[in-house]
Amino acid sequence: MITVYGLKRTLSPRKSSVAEVIYNCLELGLDVAKGKHALRFICLEDDDFYYPHTANRSDNYMVIEINLMQGRLEQTKKRLIKMLFSEFEYKLGISPFDVEITIKEQPAHCWGFRGMTGDEARDLDYDIHK
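**Quick word on the pattern of salt bridges**
Enumeration according to the criterion identifies 8 salt bridges in this entry. Residue Lys 8 is joined to Glu 45 by a salt bridge in which the shortest nitrogen-to-oxygen separation is 3.7 Å. Taken together, the residues Lys 8 in helix 1 (residues 8–11) and Glu 45 in the loop between strand 2 (39–44) and strand 3 (62–69) connect sequence positions 37 residues apart. Lys 104 is the salt-bridge partner of Glu 65, the closest N and O atoms lying 3.6 Å from each other.

**Side note on empty space enclosed by the protein**
A complete count under the given rule lists 1 cavity of 30 Å³ or more for this structure. By volume, the largest cavity is sized at about 40 Å³. Taken together, Gly 6, Leu 7, Thr 10, Leu 11, Arg 14, Asn 60, Tyr 61 and Met 62 form the lining of the largest cavity. Looking at the lining of the largest cavity, the elements with two or more residues in it are strand 1 (2–7) and helix 1. Broken down by class, the residue content of the lining of the largest cavity amounts to 4 nonpolar, 3 polar and 1 charged.

**Considering helix 3 (residues 74–92)**
The end-to-end C-alpha separation of helix 3 is 27 Å, in line with the 27 Å expected for 19 residues at 1.5 Å each. Regarding helix 3, the residues found buried are Thr 76, Lys 77, Leu 80, Met 83, Leu 84, Glu 87, Phe 88 and Leu 92. Considered in projection along helix 3, the buried side chains sweep an arc of 130° and stay on one side of the axis. Exposed residues lying more than 90 degrees from the buried face of helix 3 are Glu 74, Gln 75, Lys 82 and Tyr 90.

The rules behind these values
- Residues numbered from 1 in each chain as written.
- Predicted model: local features only at pLDDT ≥ 70, side-chain atom pairs only at ≥ 80, totals over all residues.
- Heavy atoms only, no water.
- Salt bridge = Lys/Arg side-chain N within 4 Å of Asp/Glu carboxyl O.
- Helix = DSSP H or I, 4+ residues; strand = E, 2+ residues; numbered from the N terminus.
- 1 Å grid on protein atoms, 1.4 Å probe; cavity = no way out; pocket = protein on both sides within 12 Å on 5 of 7 lines; lining within 4 Å.
- Points joined across faces, edges and corners; volume = space filled by probe spheres on them.
- Nonpolar A, V, L, I, M, F, W, Y, C, P; charged D, E, K, R; others polar.
- Expected span 1.5 Å × (residues − 1).
- Buried < 20%, exposed > 50% of the residue type's maximum accessible area, 1.4 Å probe, protein only.
- Arc of directions from axis to C-beta.

Spatial relationships are all this shows, so hold off on functional conclusions.
Structure below.
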C-alpha cells in the first residue's frame, strides 16, 4: 500500500502521472506487476499541509509512504528510492528536494489480503527476499 501526500492544487492534477511513475518503479525495482499495490492520494489544502519551506523546496513537495512486507535487501530498497527520485525529476520535472520517501516494512503475518495473512500466501508472483 502506498500513500502520497501533497498540496491539492499541485498534486491533484498530476495524480495519474505520479501513479504511473510509482507503478513503473515498483515494477522495475521490486519486480511487482502494475496494480499489485493499492495507491492512494491525500491531497491537502494549503492550511492542512505544513511542509518544510526552504530554498530548495517548492509547492510540488510531496511525501510518499510505501508499505512492504519485510524481507527485501537493503540495496533493493535504496535502489527503489533512488529510482523514484530520478524518475520524478526526469518524467515530471519534480526535483528530488520536493520528494520525501519512507519505506515501512511489516512482517508478512501482519498483512491481510484475499482472506489470509501474508505469511499464508503461497501464490505471490514476486519475491520479497531480493
